[in-house]
Amino acid sequence: MADMLGVAPEISTRDPLSLVPALQDYVFRAPLGDFEQSDWITLHSDLMSCAADYLIQRHGAQ
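Figured I'd write up the structure that's included with this text. (Residues numbered from 1 in each chain as written. Predicted model: local features only at pLDDT ≥ 70, side-chain atom pairs only at ≥ 80, totals over all residues. Heavy atoms only, no water.)

**Some points on the pattern of salt bridges**
Inspection of every chain in the model, using the stated rule, returns two salt bridges. Between Asp15 and Arg58 there is a salt bridge, and its shortest N-O distance comes to 3.0 Å. Separated by 43 residues along the polypeptide, Asp15 in the loop between helix H2 (9–14) and helix H3 (20–29) and Arg58 in helix H4 (residues 37–59) bring together distant segments of the chain. Close ionic contact of Arg29 with Asp25 constitutes a salt bridge, the shortest N to O distance being 2.9 Å. Highlighted residues: Arg29 and Asp25, both in helix H3, separated by four residues, approximately one helical turn. Owing to a relative accessible area of 58%, Arg29 belongs among the exposed residues under this scheme. The class for Asp25 is partly exposed, based on a relative accessible area of 39%. (Salt bridge = Lys/Arg side-chain N within 4 Å of Asp/Glu carboxyl O. Helix = DSSP H or I, 4+ residues; strand = E, 2+ residues; numbered from the N terminus. Buried < 20%, exposed > 50% of the residue type's maximum accessible area, 1.4 Å probe, protein only.)

**A short note on H4**
In this model, H4 (23 residues) spans 32 Å end to end at C-alpha, consistent with the 33 Å of a helix rising 1.5 Å per residue. Considered for burial, the residues of H4 that qualify are Leu43, Asp46 and Cys50. Structurally, H4 contributes buried residues whose contacts are with helix H1 (2–5) and H3. Positive backbone phi, approximately 65 degrees, marks Gly60, located one or two places after H4. (Expected span 1.5 Å × (residues − 1). Contact = heavy atoms within 4.5 Å.)

Shown next as structure tokens:
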């Protein structure tokens, strides 16, 4: 996910919250008014992937 957002993977691994500004930009630039159902699913999956990475890195979640 970090690669897709243009954040170096080693930075996002060290500090998962470093993805937040890139995620905000990703969502703000998305043409939400033109989204179809599959686009919403992709957006939610991307955001949940970042949330999961955060939990894994910060809290040792599995």
